[in-house]
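Each chain, letter by letter, is given below.
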Amino acid sequence: MTTSIAKFPAEADRHRAPSLLDGALHAELTPEGCDLGYWFRAVPEGTLGGDPMGRSDVPVPDHMMADGPLRQAVMQELAFRSMAEEKAARAISFLVAYAPDLAGMDFYTSQLMDEARHAYAFRGHLLELGVRQDGLEVTMESLAGVDRDAVLAPLEEFGLSVMERERDYIGGVITLTVLVEGVLAPTAELSERKWRPFDPPAAEIERAAGIDEIRHLSVGTTIVRRHVQRHPEDLGRIGELVARGAELWSKLPVQQMTFRREQLYQQGLDQHRDIAGDYELWPGRRLVDTTPEERMLAAAEWARVTQEARLADMGMTP
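Notes on the structure follow. (Residues numbered from 1 in each chain as written. Predicted model: local features only at pLDDT ≥ 70, side-chain atom pairs only at ≥ 80, totals over all residues. Heavy atoms only, no water.)

## Quick notes on the packing of helix H5 (residues 69-98) against helix H11 (residues 254-271)
The axes of two packed helices give the description: the angle between them and the distance between them.
Thinking step 1. Interhelical geometry of H5 versus H11 gives an angle of 150° and a closest axis separation of 7 Å. Relative to H11, the element H5 lies roughly antiparallel. Between H5 and H11 lies a crossing of left-handed hand. When H5 is examined against H11, the residues Pro69, Leu70, Gln72, Ala73, Gln76, Glu77 and Phe80 are found in contact with a partner set consisting of Met257, Arg261, Leu264, Tyr265, Gln267, Gly268, Leu269 and Gln271.
Thinking step 2. Taken together, the residues of the contact of H5 with H11 break down into eight nonpolar, five polar and two charged. (Axes fitted to C-alpha atoms, helices over the stretch in contact; angles between N-to-C directions. Helix = DSSP H or I, 4+ residues; strand = E, 2+ residues; numbered from the N terminus. Parallel < 35°, antiparallel > 145°, perpendicular 65-115°, else oblique. Left-handed = near helix turned anticlockwise from the far one by under 90°. Contact = heavy atoms within 4.5 Å. Nonpolar A, V, L, I, M, F, W, Y, C, P; charged D, E, K, R; others polar.)

Given below as structure tokens:
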């Protein structure tokens, strides 16, 4: 019998892939190595295990089906994440259109599919949590519509100004890799970890999405690094774009949104401490001993380290 080790590369194997944080910091992948053939061979079975949501048959626990802060917290997160992934998929269509070579076009075609699948999977878990199919869009709007307008809409406008109106392929890759995924990926890592004891299906869905994001961050970094090496005169323009994006991030109410959700999660954590038990959110730190502020600070530090590492790998000073 053929093993997964023989069939799938480690970074795409759901059992052997590193954590999103480790992969984001250390993976070195290329668009040529992650072409459409790679995607069709590795992702449907290696990453997703044959399930379009990327999860096993583990059931949704009863406590997640009951109204309460835990259920509300995960539903708010998933609704927002689904909206974010949908916007990413739509924006990536411009990278597919303006890619200067076939390797870039093929890679971003696969990433577009990944982001669309993520949005589908996050919506799918809302349905598993009891949201009616015919009321899904209305429910998502009530859960995350305000946050979408406050956080995602300005980011989308910034990205589209680069990708659609300016037709700036490298600027679009930078925006996606550094200013969007490079900042949001650590939050996704925190989400996977904190839902693991309470909502295993949600954690599995996050895990599969995180494996995809490792590939997106690494290949995006390779594309920009090659461009900078070939066109060092472009460093100033790219640096100015990163600075403008960072300034935009600083003005968005991301911390307020995250803190509100972490407070809701904390209420659920306090109610179900017995379920969390001695589970550690990170080595040496039990989940039940953490606070909303501590979890937010950890994710912010992960984001800083990830972003600086990627900029350095691109040949740019963080």
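Picking up where we left off.
## Concerning unusual backbone geometry
Thinking step 1. Of note, Arg167 is a non-glycine position whose phi angle comes to about 50°, a positive value.
Thinking step 2. Along the chain, Arg167 turns up in the loop between helix H7 (136-165) and helix H8 (169-195).
Thinking step 3. For Arg167, a relative accessible area of 58% puts it in the exposed group. (Buried < 20%, exposed > 50% of the residue type's maximum accessible area, 1.4 Å probe, protein only.)

## Some remarks on the environment of Tyr98
Thinking step 1. Along the chain, Tyr98 falls in helix H5.
Thinking step 2. Taking relative accessible area as the criterion, Tyr98 reaches 25% and is therefore assigned partly exposed.
Thinking step 3. Put simply, Tyr98 and Ile170 are 72 residues apart on the chain and 9.6 Å apart in space, counted from C-alpha to C-alpha.
Thinking step 4. In this view, Tyr98 contacts Met163, Glu164, Arg167 and Tyr169; residues no more than four positions away in its chain are not counted.

## As for the nonpolar core
Thinking step 1. Ranked by internal contacts, the top residues of the largest apolar core, which has 82 residues, are Tyr108, Leu126, Ile174, Trp195 and Phe198.
Thinking step 2. Looking at this core, the element that brings in the most residues is H5, giving 14 residues.
Thinking step 3. With sequence-adjacent residues up to four places away left out, Ile174 is seen in contact with Leu179, Val224, Ile238, Leu241, Val242, Met314 and Met316.
Thinking step 4. In this structure, Leu20, Ala24, Ala188 and Leu217 belong to the second largest nonpolar core, which totals seven residues. (Core = buried A, V, L, I, M, F, W, Y, C linked by side-chain atoms within 4.5 Å.)

## Here we look at H7
Thinking step 1. When the terminal C-alpha atoms of H7 are compared, their 32 Å separation across 30 residues is substantially less than the 44 Å that a helix rising 1.5 Å per residue should span.
Thinking step 2. In the structure, H7 departs most strongly from a straight axis at Ala144, where the bend amounts to approximately 65°.
Thinking step 3. A positive phi of about 50° marks Arg167, the residue just after H7. (Expected span 1.5 Å × (residues − 1). Bend = angle between axes of the 7 residues up to and from the residue.)

## A look at the side chain of Arg117
Thinking step 1. Of note, Arg117 is situated in helix H6 (residues 102-128).
Thinking step 2. Under the relative-accessibility criterion, Arg117 is labelled buried at 9%.
Thinking step 3. Of the polar contacts made by the side chain of Arg117, one reaches the side chain of Asp212; its length is 3.4 Å.
Thinking step 4. Dropping the residues within four chain positions of it, Arg117 is found in contact with Leu48, Pro52, Met53, Gly54, Ala208, Ala209 and Asp212. (Polar contact = N/O pair within 3.5 Å; in protein donor to acceptor, adjacent residues only side chain to side chain.)

## Re the pattern of salt bridges
Thinking step 1. The final tally for this structure, using the stated rule, is 34 salt bridges.
Thinking step 2. Among the salt bridges present, the one from Glu262 reaches Lys194, with a minimum N-O distance of 2.4 Å. With Glu262 in helix H11 and Lys194 in helix H8, the pair connects residues that are 68 residues apart, well separated along the chain.
Thinking step 3. Arg237 is the salt-bridge partner of Asp234, the closest N and O atoms lying 2.8 Å from each other.
Thinking step 4. A single salt-bridge network, built from bridges that share partners, covers Glu77, Lys194, Glu262 and Arg295. (Salt bridge = Lys/Arg side-chain N within 4 Å of Asp/Glu carboxyl O.)

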